[in-house]
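Observations on the model geometry
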Amino acid sequence: MLDALAEDGIRFTHNCVTTSVCWVSRATLFTGQYMSRHNTTEPCCWSGMEKPRGGMKDAPSNWKELSVYELLAKHGYYVGHAGKWGVYMPWPKNVAFSREEDGWHYRQMGDKVWHITEKNEADALRFLVTRPRHRPFFLNVAFYATHALDHDSRQYLPQNKSMSMYVDDVVPIPATGTDEAWKKMPYFFDEKNEGRQRWRKRFQNNMLHQSMMKNYYRMASEVDSACGAILEELRRQDALDNTFIIFTTDNGNFHSEHGLADKWYPHEESIRVPLIIRDPRMKEETRGTTNDAFTLNVDLAPTILGAAGIPSPEMFMGRDISQLYLTRSAYHTWRKEFFYEHPPSKPDPHTIPASEALVRKDYKYMYWPNYDYEQLFDLVKDPGELDDIFNSTDPDVVSVRNEMKKRFTELKKLVKSNERVTL
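Notes on the structure follow. Source: prediction; values computed, not measured. (Residues numbered from 1 in each chain as written. Predicted model: local features only at pLDDT ≥ 70, side-chain atom pairs only at ≥ 80, totals over all residues. Heavy atoms only, no water.)

**Considerations on the overall build of the protein chain**
To keep things clear, this is the line we draw: Strands are runs of DSSP state E lasting at least two residues, helices are runs of H or I lasting at least four, and both sets are numbered from the N terminus onward. Note that the radius of gyration is over C-alpha atoms, with the globule rule given as 2.2 Å times the number of residues to the power 0.38. Throughout, exposure labels follow a simple rule: accessible area from a 1.4 Å probe, protein chains only, divided by the maximum for the residue type, with under 20% read as buried, over 50% as exposed, and the rest as partly exposed. We call two residues in contact whenever any of their non-hydrogen atoms come within 4.5 Å of each other. Here the Shrake-Rupley method, with its probe set to 1.4 Å, supplies the accessible areas, and only the displayed protein chains count as covering residues. In this tally, Asp and Glu contribute negative charge and Lys and Arg positive charge; neither His nor the terminal groups of the chain are included. By convention, the charge on Lys lies at NZ, on Arg at CZ, on Asp at CG and on Glu at CD.
Each helix and strand counted, the protein chain has 15 helices and 15 strands in total. The globule rule puts the C-alpha radius of gyration for 423 residues at 22 Å, and the 21 Å found for the protein chain is close to it. With respect to the three principal axes, the spread of C-alpha positions in the protein chain is 65 × 50 × 50 Å. With 423 residues in all, the protein chain has 58% of them scored as buried. Partitioning the contacts of the protein chain with sequence separation of at least 6, the portion at a separation of at least 24 is 67%. Approximately 19,000 Å² of the protein chain is accessible, and the part contributed by carbon and sulfur atoms is 50%. Separation between the mean location of the 55 positive side-chain charges and that of the 59 negative ones in the protein chain comes to 5 Å.

**Some words on the packing of aromatic side chains**
Put simply, the rule is: Any pair of Phe, Tyr and Trp rings, taking the six-membered ring for Trp, is counted once the centres come within 6.5 Å. Such a pair is stacked with planes under 30 degrees apart, edge-to-face with planes over 60 apart, and tilted for the rest. Our definition puts a charge over a ring when NZ of Lys or CZ of Arg is within 6 Å of the ring centre and also within 35 degrees of the ring normal.
Within the structure shown, the criterion is met by 28 aromatic pairs. Residues Phe30 and Trp85 carry aromatic rings whose centres are separated by 5.7 Å and whose planes lie at 65° to one another, so their mutual orientation is edge-to-face. Taken as a pair, Phe30 in helix α2 (residues 22–31) and Trp85 in the loop between β2 (78–83) and α6 (91–94) lie far apart in primary sequence, 55 residues in all. Each member of the pair, Phe30 as well as Trp85, is classed as buried. Ring geometry for Tyr166 and Tyr217: centres 6.3 Å apart, planes at 65°, overall edge-to-face. With a gap of 51 residues between them, Tyr166 in the loop between β6 (137–142) and α8 (179–183) and Tyr217 in helix α10 (residues 206–236) connect regions that are remote in the sequence. Of the residues examined, Tyr217 reaches a relative accessible area of 36% and is grouped as partly exposed. Linked through ring pairs, Tyr187, Phe188, Phe189, Phe254, Trp264, Tyr265, Trp368, Tyr371 and Tyr373 together constitute an aromatic cluster. Positioned above the aromatic ring of Trp114, the side-chain terminus of Lys112 is 4.7 Å from the ring centre.

**Brief notes about the packing of helix α9 (residues 194–202) against α10**
Packed helix pairs are specified by the crossing angle of their axes together with the interaxial distance, meaning the distance between the axes. This is how the line gets drawn: Here the axes come from fitting lines to C-alpha atoms, over the contacting stretch only for helices, and the angles between their N-to-C directions go from 0 to 180 degrees. Throughout, the term roughly parallel applies to angles under 35 degrees, roughly antiparallel to angles over 145, roughly perpendicular to angles from 65 to 115, and oblique to all others.
Between α9 and α10, the shortest axis-to-axis distance is 8 Å and the interhelical angle comes to 95°. With respect to α10, the element α9 is oriented roughly perpendicular. Mapping the contact onto sequence places Arg200, Lys201 and Arg202 in α9 and Leu208, His209 and Met212 in α10.

**Looking at the nonpolar core**
Quick reminder of the rule: In these notes, a set of buried Ala, Val, Leu, Ile, Met, Phe, Trp, Tyr and Cys residues joined through side-chain atoms within 4.5 Å is what counts as a nonpolar core.
Tyr34, Leu72 and Phe338 are the most contacted members of the largest nonpolar core, which has 72 residues in total. Counting residues per element, this core draws most heavily on helix α15 (residues 395–416), at six residues. If near-sequence neighbours (up to four positions away) are discounted, Tyr34 is found in contact with Thr18, Thr28, Leu296, Val298, Met317, Phe338, Phe339, Glu341, Val415 and Leu423. Grouped together as the second largest cluster of nonpolar side chains are 33 residues, Tyr216, Val223, Ala226 and Leu240 included.

Okay, structure coming up:
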């Protein structure tokens, strides 16, 4: 279904997240801000607050001012959410329809045993069927899949109906899924690293790798099928051609690349995520095309508001992506680089060290703040990010390194400041 959506819309091939972990990325989607601004560095707590024991009397000030949900609701939209929120918020106060499901794959509810993707689909369809037809609507279907059950040795639990898929396929091992690639990681990446620990659970031998990846792909296919059911309901209601549709995810994943599993770090596998947009305003010649501009999750909120004709708050930091396909000139003035940030794990930053980066298509500069450690990769010659050239004495590399360090410092200062800036 998602292939068909891309054929009827536009697919962005260099879409990235500014922080590769679910709760931070989702908070960025909600606010149009980097982590350093919305300050949601813990999974429970919006804007750095402590999670209250009961309901909140008032919404946090940032939520009132910046939430895409709140802004759409204020402009008459019937607002819904089905699936994973990722951060604690005062749901009933701001969202007319909220069905939160997070942290499970199978669960007994009443007389039925649900798979979480089934439940996400059913809740999304319930929203569409019961919504007031005289009002415009916004729905975020936040599938929990393909998130693993981190504390279950099976990790990925697809639906029974999907188990016949991919049985005879052989999933290739990534080119950088080698012991040699693991040994090229910075010295502080050891067996206690969270990504390495999860690699052992999922990918430490070929048999395990095949089993895990096939179940992962089965769960992804289930999400694809659920998207098809949602689009079919829109078509049945004669609403599909008047609905702005975005498909994306909150973070990428290592599937044994660099000897790791999951996300967090500034490598390509972690920061690049899919983005498909189907827009009723789109010209016919645009449909089925791709675009290689750097689009970011910080762009999603202004893009959604733009489609609704709602001005973005001044504190939004992203851009309206529709400029890239509704106008001819936007591509040439679009960003050619971006700043990446990720907080350290608590209480021990050694398990997930903090990371920052300046990302371009030709080079990537990485900085690991907990260890004051720097790296530089030539992405044209070394797309797998295996050969760190930071200490090269080649004059051309030295020039690139010095320029990128300077630009990195400039962008980092902007992101962490209170200045009103579009990046």
